[in-house]
Every structure is written in structure tokens, then in C-alpha cells.
Amino acid sequence: MAREQLTEIVAEMVANVLTVNVAAGDRIEAGDSVVLLESMKMEIPVLVEAPGTVVAVKVAPGDVVQEGDVLVQLR
């Protein structure tokens, strides 16, 4: 049986997690904001490029993420 490929949404910069807008099991569409980050007093929404289902949320509000850290996994 082939293993289904997961898509990982990663942080593009060092930032604080302000809000998480999705939960495991949520269905999302292209352009949806899954996480809101804050860096250098700017709010940066993390948008998905394709539709999918949230498999796991790897961060919580208040977390500090580094560039490349996984924020959300999608199927």
C-alpha cells in the first residue's frame, strides 16, 4: 500500500506565532491563512497554495519558530 504524501507548511523566517487558524481535520482551500506570525512588529499570514486537509498542527500561539520549522502538515 502506497503511503500518502504529506505537504508541510514551514516558517519562512524567525517569528512569533500569534494565532493558529486551523485544527487537525479541517478542510482548507488555496489562499486560506493557517497561521498568523509576527516578526519585527509586522503580522504575516501564512497562506496555503492548494486545497487539502489539515493532518497536524505543530505550533501554538506564543511559540517562537525558526526558518524552516514545520507549522502545519496537510494531506
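For the structure, check the block above.
The sections below set out a description of the structure shown in this document. It should be emphasised that the depicted structure is a prediction, and the values quoted were computed from it without experimental measurement.

A short note on the sheet that holds strand β2 (residues 15–20)
Okay, so step 1: The strand order across the open sheet formed by four strands is β5-β4-β2-β7, and the pairing between neighbours is antiparallel. Of all strands in the sheet, those bounded by a partner on one side alone are β5 (42–47) and β7 (64–65).
Okay, so step 2: Relative to strand β4 (residues 33–39), β2 is paired through four bridges, and the arrangement is antiparallel. Of the residues in β4, the one forming a bridge with asparagine 16 is glutamate 38.

Looking at the nonpolar core
Okay, so step 1: Residues Val34, Val35, Leu37, Val65, Leu71 and Val72 are the most contacted members of the largest nonpolar core, which totals 17 residues.
Okay, so step 2: For this core, the elements supplying multiple residues, two or more each, are β2, β4 and β8 (70–74).
Okay, so step 3: If we ignore the near neighbours within four places in the chain, the residues touching valine 72 are Thr7, Glu8, Ile9, Val22, Val34, Val35, Val54 and Ala56.

Reading the values: the criteria
- Residues numbered from 1 in each chain as written.
- Predicted model: local features only at pLDDT ≥ 70, side-chain atom pairs only at ≥ 80, totals over all residues.
- Heavy atoms only, no water.
- Pairing = 2+ DSSP bridges.
- Helix = DSSP H or I, 4+ residues; strand = E, 2+ residues; numbered from the N terminus.
- Core = buried A, V, L, I, M, F, W, Y, C linked by side-chain atoms within 4.5 Å.
- Buried < 20%, exposed > 50% of the residue type's maximum accessible area, 1.4 Å probe, protein only.
- Contact = heavy atoms within 4.5 Å.

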